Amino acid sequence: MAAIKSERLELRLTGEQKSEIEQAAALSGRSVTDFSVTALVREAEEVIRVERDLHVSPESWDAFNAILDRPAKPVSGLADLLRRPSAFTE
């Protein structure tokens with residue numbers, strides 16, 4: 001079931017911007033509304049994703065890098081495990 005579209009968003013554009021959007025919508029075989037909503041939602045999702053997924057404070061970033069810069073510690077039994085024949089080969 002399609003969501004009911006009850007909200008409006010009004011924009012002010014230059015004539016050139018409007019013409020370009022209309023041309024792109026026509027070339028893609030879609031209405032200006034469909035073309036515009038799709039582009040706006042895609043951009044909004046990307047901005048939100050970047051902010052949520054990639055945002056860390058400078059302090060957290062420094063702490064993360066300090067952990068990466070630490071020397072590796074030996075893992076008990078790892079060398080023996082890597083010397084064993086693989087269970088996935090015949």
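Residues numbered from 1 in each chain as written. Predicted model: local features only at pLDDT ≥ 70, side-chain atom pairs only at ≥ 80, totals over all residues. Heavy atoms only, no water.

**Q** If you had to explain the confidence of the model for the chain to someone new, which residues and values would you point to?
**A** Residue-level pLDDT values for the chain average 92, and 99% of them are 70 or greater. At the level of individual helices and strands, the chain shows its lowest average pLDDT in helix α4 (residues 78–83), which scores 90, and its highest in helix α1 (residues 15–27), which scores 98. (pLDDT = per-residue confidence, 0-100. Helix = DSSP H or I, 4+ residues; strand = E, 2+ residues; numbered from the N terminus.)

**Q** Lay out the pattern of salt bridges in plain terms, naming residues and giving numbers.
**A** On inspection of all chains with the given rule, the structure shows four salt bridges. Its salt-bridge partner being Lys18, residue Glu22 comes within 3.8 Å of it at the nearest N-O pair. Within this pair, Glu22 and its partner Lys18 are both found in helix α1, separated by four residues, close to a single helical turn. Given a relative accessible area of 35%, Glu22 falls into the partly exposed group. With a shortest N-O distance of 3.3 Å, Asp34 and Arg30 are connected by a salt bridge. The class for Asp34 is partly exposed, based on a relative accessible area of 35%. Accessibility expressed as a relative area gives 30% for Arg30, which makes it partly exposed. (Salt bridge = Lys/Arg side-chain N within 4 Å of Asp/Glu carboxyl O. Buried < 20%, exposed > 50% of the residue type's maximum accessible area, 1.4 Å probe, protein only.)

**Q** Give a detailed account of the packing of α1 against helix α2 (residues 32–54), specifying residues and quantitative values.
**A** Taken N-terminus to C-terminus, the directions of α1 and α2 make an angle of 100 degrees; their axes are 9 Å apart at the nearest point. Between α1 and α2, the angle falls in the class roughly perpendicular. Residue-level inspection shows Ile21, Glu22, Ala24 and Ala25 of α1 in contact with α2, the latter providing Val32, Phe35 and Ser36. Counted by class, the contact of α1 with α2 contains five nonpolar, one polar and one charged residues. (Axes fitted to C-alpha atoms, helices over the stretch in contact; angles between N-to-C directions. Parallel < 35°, antiparallel > 145°, perpendicular 65-115°, else oblique. Contact = heavy atoms within 4.5 Å. Nonpolar A, V, L, I, M, F, W, Y, C, P; charged D, E, K, R; others polar.)

**Q** So what about α1? Which residues, and what values?
**A** An ideal rise of 1.5 Å per residue puts 18 Å on 13 residues; α1 measures up with 18 Å between its terminal C-alpha atoms. Following α1 by one or two positions, Gly29 has its phi on the positive side, about 70 degrees. (Expected span 1.5 Å × (residues − 1).)

**Q** Please provide a residue-by-residue account of the environment of Ile21, values included.
**A** You can see Ile21 is positioned in helix α1. Between the C-alpha atom of Ile21 and that of Leu68, which follows or precedes it by 47 residues, the distance is 46 Å. Look past the residues within four positions of Ile21 in its chain and what remains in contact with it is Leu13, Val32, Phe35 and Ser36.

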